[in-house]
Structure formats: C-alpha cells, structure tokens
Amino acid sequence: MSLFSPVRRRLLGGLLAGCVLPALANTQKITVDVWKDPNCGCCQDWIDYLEGEGFAVRVFNQGNQAARQRLGLPERYGSCHTALVGAYVVEGHVPAADIRRLLKEKPKALGIAAPGMPVGAPGMDGPAYRGRRDAYEVLLVNRDGSSRVFSSYR
C-alpha cells in the first residue's frame, strides 16, 4: 500500500476538513471601516487598539460627520470617529469586547455608541490621562433613534 493510497487520501482529507480548515476560518479578521479627522490622535489610538485586538481596520481620513449622517446615527450619540462593522454603526471609543458581543448577539439595532470622549475608554487611556478613568456607558442605538445601555463601565 503506497503512502498516498485512496484510503489514506480520504483519511487525510477528512482530517484537514475537520480540523485545519475550521481553524483557518477562525483566523479571519473582522473588518472595521473608520471615518475620522486626519489629525485626531485619540482616534488613531482607538484604531491601534482595535488592530491589537485582532481587527482589520480601514481608515478614511475625511472626518466623520458625513459618515455619521449617511449611516443614520443621531448627533446626540456622536463622538470623534464613526465606524462600520458588518451592518452596524460603532460610534466613538467603544471597547472591542462590546463590538464582538454586538456581532455575536446580532440585535435588531443601528449599532452601538460611546457618546462624547470618555476618559479611560480605549483610545482615551494613554499616559496623558495619568490613569484617570471616568464612568461611561456604551449604548445600543435602535433604528428609531432610541437607546438603552448595552454595557456600563464604572
């Protein structure tokens, strides 16, 4: 019996399909499109943070006002950058865990937002803030503009 007999090829093929291919599929990065001001340092810090968390980020350095309006997010939830992940808007300094949870749970919503620029949130947590961490909430924003607390950081 040769090393690559039909029986062995089927066995190896089954092992590859059952073990290796699913592992490769899990290594695909989730793409995040981010609209920001080209001069905003905290936006870049958030992008660096997301990349460190395993996301693939495409950056559009043209500001975020037009993107926020085009995506339908009300101004009251605004921050310094706007992102699109899958079909969801992600506004502001939202932690990666909340983005992953959003994509896993798939709620019927427009997206999530961390309004303003909360100190201590990812991208707003560098040495300049000297360890300060303000309480903030990530909101689940519904398509009708209403919201509820998605996550709370105290």
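Values in this document were obtained by computation on a predicted structure and should not be read as measured data.

Criteria and cut-off values
- Residues numbered from 1 in each chain as written.
- Predicted model: local features only at pLDDT ≥ 70, side-chain atom pairs only at ≥ 80, totals over all residues.
- Heavy atoms only, no water.
- Core = buried A, V, L, I, M, F, W, Y, C linked by side-chain atoms within 4.5 Å.
- Buried < 20%, exposed > 50% of the residue type's maximum accessible area, 1.4 Å probe, protein only.
- Helix = DSSP H or I, 4+ residues; strand = E, 2+ residues; numbered from the N terminus.
- Contact = heavy atoms within 4.5 Å.
- Pairing = 2+ DSSP bridges.
- Right-handed = clockwise from strand over helix to strand, strands pointing away.

Peer 1: Summarise the nonpolar core; cite the residues concerned and give the values.
Peer 2: Core analysis: the largest hydrophobic core is formed by 23 residues, its most contacted members being Val32, Trp46, Leu50, Val90, Ile99 and Ile112. Going through the elements one at a time, β1 (31–36), α2 (41–52), β3 (81–85), β4 (88–92), α4 (96–105), β5 (111–114) and β6 (136–141) are the ones with two or more residues in this core. With residues up to four places along the chain from it excluded, the contact list for Val90 reads Trp46, His81, Thr82, Ala83, Val85, Ile99, Leu102 and Ile112. Leu73, Tyr77, Ala113 and Leu139 belong to the second-largest nonpolar core, a separate cluster that totals ten residues.

Peer 1: Talk me through the pairing of β4; I want residue IDs and the actual numbers.
Peer 2: β4 sits mainly inside the fold: five of its five residues count as buried. Pairing geometry for β3 and β4, over four bridges, is antiparallel. The residue of β4 that forms the bridge with Leu84 is Val89. Counted between consecutive antiparallel strands, the loop separating β3 from β4 contains two residues, among which Gly86 sits at a positive phi close to 60 degrees. Here four bridges tie β4 to β5, and the two strands are oriented parallel to one another. Counted as the bridge partner of Gly92 is Ala114 from β5. Once the chain exits β4 it traverses α4 before rejoining the sheet at β5, and the crossover so formed is left-handed.

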